[in-house]
Amino acid sequence: DLVTSLRVEEDWCVGLHSLTELDLSGNKIRHIPANAFDSARALSKLNLRDNLIESIDPRAFDNVFKLKSLDLSRNRLPRPPSNSYGDLCSVAVLNLSNNRITSMGRNSLVAFRGVRDLDISGNPVESMEPDTFFFNRKLANLRVSFSCSRAATSWLDAVGLTNEYLPERLRNSTRIKAESDDGSTHIEIRASLPTEEWNKCDSIIKFKQLVTNLMY
């Protein structure tokens, strides 16, 4: 049977204390409760892709100190998950693509201070504060979608005035790719990628111009 919920019971993961990878993708999970993975403390890779997740308790990932990769793509999350104890700081790869995130601000990703590869593409983002990635100083690869080109350029306008909020790797000599379809604007930024299909961007001004061109 498809998993429809994660219930915190004393014996749900007994014997899994050495488990390093867990795949729960393709089920019908709607909510992740507190302490859901408490006994799987060696977990380094967790796949929750393609469920129906709408909410995650702030303590859902308590004690999962070794988690490096977290895939929450193709769910119904209205915002990124949070964690009150900082146990998500070890996550280096975070996939939040194709959820229902419409806005992001300074504290949206504070739980993921160690993230290096972030995918929030496929979300209908309408507004993003310029300091959204202020706490993500290790961020080197970013994929993000905006509901329209104007939303993208609005963010770039704000970032252009306060680009010290961007992680250094994304601020200096990044390589970017931007495209538009179905009214949405998709942007990918990498610290370095030596391929001809990418446009080298030495400043946020050039970055903004590239995205602005999509509007015409």
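This section reports on the structure supplied with the text. (Residues numbered from 1 in each chain as written. Predicted model: local features only at pLDDT ≥ 70, side-chain atom pairs only at ≥ 80, totals over all residues. Heavy atoms only, no water.)

**Describing the overall build of the protein chain**
No. 1: Assigned secondary structure in the protein chain consists of three helices and 13 strands.
No. 2: Buried positions account for 46% of the 216 residues belonging to the protein chain.
No. 3: In the protein chain, once contacts between residues fewer than 6 apart in sequence are set aside, the share between residues at least 24 apart is 61%.
No. 4: Surface summary for the protein chain: the accessible area is close to 10,800 Å², and the carbon and sulfur share equals 45%. (Helix = DSSP H or I, 4+ residues; strand = E, 2+ residues; numbered from the N terminus. Buried < 20%, exposed > 50% of the residue type's maximum accessible area, 1.4 Å probe, protein only. Contact = heavy atoms within 4.5 Å. Areas by Shrake-Rupley, 256 points an atom, 1.4 Å probe, with all protein chains shown as cover.)

**Some points on the pattern of salt bridges**
No. 1: Within the structure shown, the criterion is met by seven salt bridges.
No. 2: Across the salt bridge formed by R143 and D117, the nearest N and O atoms sit 2.4 Å from each other. Of this pair, R143 sits in strand β10 (residues 141-146) while D117 sits in strand β8 (residues 117-125), and the two are 26 residues apart along the sequence. Just as R143 is buried, D117 falls in that class too.
No. 3: Judged by its relative accessible area of 16%, R143 falls in the buried class.
No. 4: Members of the salt-bridge network, linked through shared partners, are R30, E54 and R76. (Salt bridge = Lys/Arg side-chain N within 4 Å of Asp/Glu carboxyl O.)

**Focus on the side chain of T132**
No. 1: By the secondary structure assignment, T132 is in the loop between β9 (127-128) and β10.
No. 2: Accessibility expressed as a relative area gives 0% for T132, which makes it buried.
No. 3: From its side chain, T132 meets the backbone oxygen of M104 in a polar contact 3.4 Å long.
No. 4: Of the polar contacts made by the side chain of T132, one reaches the backbone oxygen of E129; its length is 2.7 Å.
No. 5: Apart from residues lying up to four places away in sequence, T132 is in contact with M104, G105, R106 and L109. (Polar contact = N/O pair within 3.5 Å; in protein donor to acceptor, adjacent residues only side chain to side chain.)

**What to know about the nonpolar core**
No. 1: With 47 residues, the main nonpolar core has F37 and F133 as its most contacted residues.
No. 2: Of all the secondary-structure elements, those providing two or more residues to this core are β8, β10, α1 (149-161) and β12 (184-190).
No. 3: The leading source of residues in this core is α1, at five residues. (Core = buried A, V, L, I, M, F, W, Y, C linked by side-chain atoms within 4.5 Å.)

**Description of the side chain of S97**
No. 1: Position of S97 relative to the elements: it lies in the loop between β6 (93-95) and β7 (103-104).
No. 2: A polar contact is formed between the side chain of S97 and the side chain of N95, at a distance of 2.7 Å.
No. 3: Non-local contacts of S97, meaning those with residues more than four positions away in its chain, are made with S73, R74, D119, I120, S121 and N123.

**Things to note about a positive patch on the surface**
No. 1: Together, K68, R116, K138 and R169 make up a positively charged patch on the protein surface.
No. 2: Tracing the backbone through its elements, the reader meets K68 in the loop between β4 (55-56) and β5 (69-71). (Patch = residues over 30% accessible without salt bridge, like charges linked within 9 Å, V, L, I, M, F, W, Y side chains within 5 Å. Lys, Arg positive; Asp, Glu negative; His and termini not counted. Charge placed at Lys NZ, Arg CZ, Asp CG, Glu CD.)

**As for the pairing of β12**
No. 1: Within β12, six of the seven residues are buried, which leaves it mostly tucked inside the rest of the structure.
No. 2: Inspection of the sheet shows β10 paired to β12 by six bridges, in the antiparallel sense. Its bridge partner being in β12, F146 is matched across the sheet by T185. (Pairing = 2+ DSSP bridges.)

**Remarks on the environment of E188**
No. 1: Relative to the elements of secondary structure, E188 occurs in strand β12.
No. 2: With a relative accessible area of 15%, E188 lands in the buried category.
No. 3: Taking the C-alpha atoms as reference, E188 lies 8.7 Å from S121; in sequence the two are 67 residues apart.

**As for unusual backbone geometry**
No. 1: Although it is not a glycine, D50 sits at a positive phi angle of roughly 60 degrees.
No. 2: Mapped onto the fold, D50 is located in the loop between β3 (45-47) and β4.
No. 3: A relative accessible area of 41% means that D50 is categorised as partly exposed.
No. 4: A positive phi is found at N98, a non-glycine position, where the angle reads about 55 degrees.
No. 5: By secondary structure assignment, the location of N98 is in the loop between β6 and β7.
No. 6: We classify N98 as partly exposed; its relative accessible area is 32%.

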